[in-house]
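Letter by letter, the chains look like this.
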Amino acid sequence: MSATVAVAQAIWLSPRPLARCPSRFPLIPLLPQRPSGKTLPSEVWSKILQYVYLTYGLTGALIEEEIAGLRCGLLLISKDLNAVALPLFYAHIRVHSLRVFEKLATRLHSADQQWDSIRRIPYSAPGRWVQTLDLEPLHCHSSEDVLCLDAVLCQVFPLVPFLTSLAVNANTVFSRRSLCTFTYRDGAQNVRSLKGVQLATSIRVDEDAFVELLRACTRLEELEIAGTGVGDTSDLEETHDEIADGPPPGFHPLHLPFLRKLVALSMPISPTLYALMHSPLPALRHLTLTPYDELSITASLVPRFILAHGQKLTSLHLYTVKQWPTTLFPSPAALLDICPSLKHVSLELPLPRLTLSREQQHELEILSIPRPKQEFLGVLEGLLPRLPRLRFVRARDVKWLREGMSSRAQQAGVQGEMLLWRRKLKRRGIQLLDAEWKPGTNSSLD
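Basis of the calculations
Just so you know, the residues in each chain are numbered from 1, in the order the chain's sequence is written. Local features in a predicted model are, by the rule used here, given only for residues with pLDDT of at least 70; side-chain atom pairs are given and counted only at 80 or more, and totals for whole chains, interfaces and linings are based on all residues. With hydrogens and water set aside, each side-chain value is computed from the structure's full complement of heavy atoms. Secondary structure elements are defined from DSSP: runs of H or I of at least 4 residues count as helices, runs of E of at least 2 residues count as strands, and each element is numbered from the N terminus. Here's how the labels work: a residue is buried when its accessible area is under 20% of the maximum for its type, exposed when over 50%, partly exposed in between, all with a 1.4 Å probe on protein chains only. The criterion used for residue contact is that any of the two residues' heavy atoms lie within 4.5 Å. Here the accessible surface of atoms and residues is derived via Shrake-Rupley with a 1.4 Å probe, and residues count as covered only by protein chains that are part of the display. At least two DSSP bridges between two strands are required for those strands to pair. Handedness of a crossover: with both strands directed away from the viewer, a clockwise path from the first strand across the helix to the second marks it as right-handed. Here, expected helix span is obtained from the residue count minus one, scaled by 1.5 Å. In this context, the arc is that of the directions from the helix axis out to the C-beta atoms. Salt bridges are identified by distance alone: a Lys or Arg side-chain nitrogen within 4 Å of an Asp or Glu carboxyl oxygen. Throughout, an axis means a line fitted to C-alpha atoms (over the contacting stretch in the case of helices), and angles, computed between N-to-C directions, take values from 0 to 180 degrees. Should an angle lie under 35 degrees it is considered roughly parallel, over 145 roughly antiparallel, and from 65 to 115 roughly perpendicular; all remaining angles are considered oblique. Whether a crossing is left-handed or right-handed is set by the direction in which the near helix is turned from the far one by less than a right angle, anticlockwise for left-handed and clockwise for right-handed. Throughout this entry, Asp, Glu, Lys and Arg are counted as charged residues, while Ala, Val, Leu, Ile, Met, Phe, Trp, Tyr, Cys and Pro are counted as nonpolar. The remaining residues, Gly among them, count as polar. Here pLDDT means the predictor's own confidence in every residue, given as a number from 0 to 100. Only four residue types enter the tally: Lys and Arg on the positive side, Asp and Glu on the negative side; His and the chain ends are excluded. Two distance rules govern patches: like charges are joined within 9 Å, and nonpolar side chains (Val, Leu, Ile, Met, Phe, Trp, Tyr) within 5 Å, applied only to residues with over 30% relative accessible area and no salt bridge. Any pair of Phe, Tyr and Trp rings, taking the six-membered ring for Trp, is counted once the centres come within 6.5 Å. Such a pair is stacked with planes under 30 degrees apart, edge-to-face with planes over 60 apart, and tilted for the rest. By the criterion adopted, a ring carries a charge over it if an Arg CZ or a Lys NZ lies within 6 Å of its centre and within 35 degrees of its normal.

### Considering the overall build of the protein
Thought 1: Tallying secondary structure elements over the protein gives 15 helices and 14 strands in all.
Thought 2: With the C-alpha coordinates of the protein rotated into their principal frame, the extents come out at 120 × 65 × 45 Å.
Thought 3: Within the protein, the fraction of its 446 residues that count as buried is 40%.
Thought 4: In the protein, the proportion of contacts linking residues at least 24 apart, taken out of those at least 6 apart, comes to 71%.
Thought 5: Carbon and sulfur atoms form 55% of the exposed surface of the protein, whose accessible area is close to 25400 Å².

### What to know about the pairing of strand 6 (residues 193–198)
Thought 1: In the sheet, strand 5 (residues 165–168) pairs with strand 6 via three bridges, with the strands oriented parallel. If you follow Leu166 over to strand 6, its bridge partner there is Leu194.
Thought 2: Following the chain from strand 5 across helix 6 (residues 176–183) to the adjacent parallel strand 6, one finds a crossover that is right-handed.
Thought 3: As paired elements, strand 6 and strand 7 (residues 222–226) share four bridges and run parallel to each other. Each bridged residue has a counterpart across the sheet, and for Gln198 the counterpart in strand 7 is Ala226.

### Observations regarding helix 4 (residues 98–113)
Thought 1: With 16 residues, helix 4 extends 22 Å between its outermost C-alpha atoms, agreeing within 8% with the 22 Å of an ideal straight helix rising 1.5 Å per residue.
Thought 2: Buried within helix 4 we find Leu98, Phe101, Leu104, Ala105, Leu108 and Ala111. Around the axis of helix 4, the buried residues are gathered within 150° of arc, so they sit on the same side. Those residues of helix 4 that are exposed and angled more than 90 degrees off the buried face are Arg99, Lys103, Thr106 and Gln113.
Thought 3: For helix 4, the elements touching its buried residues are helix 3 (79–91), strand 3 (92–94), strand 4 (132–135) and helix 5 (143–156).

### Quick notes on the pattern of salt bridges
Thought 1: For the structure shown, the criterion picks out 14 salt bridges.
Thought 2: With a shortest N-O distance of 4.0 Å, Arg192 and Glu221 are connected by a salt bridge. With Arg192 in the loop between helix 6 and strand 6 and Glu221 in the loop between helix 7 (209–216) and strand 7, this residue pair connects regions lying 29 residues apart in the sequence.
Thought 3: With a relative accessible area of 29%, Arg192 lands in the partly exposed category.
Thought 4: On the basis of relative accessibility, which here comes to 27%, the residue Glu221 falls in the partly exposed class.
Thought 5: For Lys399, the salt bridge identified is with Glu436, shortest N-O distance 3.2 Å. Of this pair, Lys399 sits in the loop between strand 13 (392–395) and helix 14 (407–410) while Glu436 sits in the segment after strand 14 (431–433); the two residues are 37 residues apart in sequence, bridging distant segments of the chain.
Thought 6: Three or more residues are tied together by salt bridges with common partners; here these are Arg192, Lys195, Glu221, Glu222 and Arg260.

### Notes on the packing of helix 1 (residues 42–56) against helix 2 (residues 64–74)
Thought 1: The geometry of helix 1 relative to helix 2 is characterised by a closest axis approach of 10 Å and an angle of 165° between their N-to-C directions. Looking at the two axes, helix 1 sits roughly antiparallel to helix 2. You can see that helix 1 and helix 2 cross each other, and the crossing is right-handed. Residues Leu49, Val52, Tyr53 and Tyr56 of helix 1 pack against Ile67, Leu70, Arg71 and Leu74 of helix 2.
Thought 2: Grouping the amino acids of the contact of helix 1 with helix 2 by side-chain chemistry returns seven nonpolar, no polar and one charged.

### Let's talk about the confidence of the model for the protein
Thought 1: When pLDDT is averaged along the protein, the result is 86; 91% of the residues meet or exceed 70.
Thought 2: With pLDDT under 50 throughout, residues 1–5 is counted as low confidence; its partners more than four residues away or in other chains account for two contacts.

### Focus on the side chain of Thr320
Thought 1: Note that Thr320 resides in the loop between strand 10 (315–318) and helix 12 (335–338).
Thought 2: In this structure, Thr320 is in contact with Thr290, Pro291, Thr326, Thr327, Leu328 and Glu348, ignoring residues within four places of it in sequence.

### Observations regarding the side chain of Arg394
Thought 1: Topologically, Arg394 is positioned in strand 13.
Thought 2: One buried charged residue, Arg394, remains without a salt bridge, the closest side chain of opposite sign being Asp434 at 6.6 Å.
Thought 3: Setting aside residues no more than four positions away along its own chain, Arg394 makes contact with Leu367, Ser368, Ile369, Leu433, Asp434, Ala435 and Trp437.

### Concerning a nonpolar patch on the surface
Thought 1: A contiguous nonpolar patch, built from Ile11, Leu13, Phe25 and Leu27 and spanning about 350 Å² of accessible area, is present on the exposed surface.
Thought 2: Turning to its location among the elements, Leu27 is positioned in the loop between strand 2 (25–26) and helix 1.
Thought 3: Under the relative-accessibility criterion, Leu27 is labelled partly exposed at 45%.

### Quick look at the packing of aromatic side chains
What characterises a pair of aromatic rings is the spacing of the ring centres plus the angle enclosed by the ring planes.
Thought 1: One pass over the structure, following the stated rule, counts seven aromatic pairs.
Thought 2: Relative to Tyr90, the ring of Phe89 has its centre 5.5 Å away and its plane inclined at 85°; by these criteria the two rings are edge-to-face.
Thought 3: Arranged with centres 5.2 Å apart and planes meeting at 45°, the rings of Tyr292 and Phe329 form a pair that is tilted. Here Phe329 lies in the loop between strand 10 and helix 12 and Tyr292 lies in the loop between strand 9 (286–289) and helix 11 (302–309), a separation of 37 residues in the sequence.
Thought 4: Residue class for Tyr292 comes out buried when judged on its relative accessible area of 6%.
Thought 5: Judged by its relative accessible area of 9%, Phe329 falls in the buried class.
Thought 6: Ring-pair connections join several aromatic residues into one group, and the members of that group are Phe89, Tyr90 and Trp129.
Thought 7: Just above the ring of Trp12 sits the side chain of Arg24; from NZ or CZ to the centre is 5.4 Å.
Thought 8: Positioned over the ring face of Trp400 is Arg422, at 4.5 Å from the centre of the ring.

### Some remarks on the sheet that holds strand 12 (residues 366–369)
Thought 1: Sheet architecture is open: 12 strands sit in the order 3-4-5-6-7-8-9-10-11-12-13-14, paired in parallel fashion. Looking at which strands have only one partner, the edges of the open sheet turn out to be strand 3 and strand 14. Recorded for the sheet is a direction-independent mean angle of 10° between the axes of neighbouring strands.
Thought 2: Across four bridges, strand 4 lies against strand 5 in parallel orientation. For Asp134, the partnering residue across the bridge sits in strand 5 and is Ala167.

Given below as structure tokens:
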């Protein structure tokens, strides 16, 4: 059997070059040449590196500095890998200090200055790669830091046209200049999530800069804002008659067809809450508010906001930010009638005497309360025949005692009330969960 071996470049061996008739013969490899391996497409490498970046922070064993070092290390392996990993490196940015944020702004600005109009893509890199900007760990400790942060934000916002998510610290106050810069930049309609924005509680309901921002973010899906509380309640009582008659004649509703989650804490009234209350929000399903009743805060929009958008809600959380001094206001007693589609409701102290005037049964599945109260147990037992789908009652501020504690400790205080609730609810097939969503261990005290 003959075999033909193709040699790209023949190698001739001459064992006796000084002989009168020297001989030569070719060197033939014993095995054929190994074909070169096929390279993976850049799209596949992009998926692989994206998964690697996500897994760095999943276990929680690494600190932020170690994660940043690993992310940077992938950029130094090779030029080909750097070209694929660099857009992923800039896609999700988390800033911890103002100095780092200034360096990022300088990098984006210098790259934009070197970008010319001949390029196929009109937006410069790496600015166009940024999709998520998380500024929640960034704290301002002085008025100079606040002014510097506002200037850096005005510089960065126009350079990130494909930004989809922005999260800032709850203590960060946007100026009108930074809000207008964010509103009138290219790509404002790409924003999907906006979290941590602080807005002042105001009796004025005229359109402000943040309402203009919401008009530009037509694809917004998640919105988290925080107010400044009530402060002097006398100012909130004077203008109640001016806002009681609905929107003014020249008011134009907001167009937010994709807004599904809204969080507005410590905000009894503001231009933003007023505009959202009088705008159709067809996709709104999750709502978190701080309860302010109209008897205590006359100008409060919270009860009317729940009444306006409660028909399609599946999750309603009433929560008061714990800061000294903490003032708790009553919640509406007719929540179950106002929100017939609720699956999960979380109440705040003082617990309301819930009523259900509708004849048909309610679809509630999870009820959360701060801590069990004896007087509320009677209210709940009266509603249980109308709540056939209720399966869990959660005490979100209480934890079960660990195993090994004495029976006297388990029956004292809140733990004793928890055991009483668990015994009575267990007969109805309902589990009592603690703050960690744990049912607790069965004991002889049940």
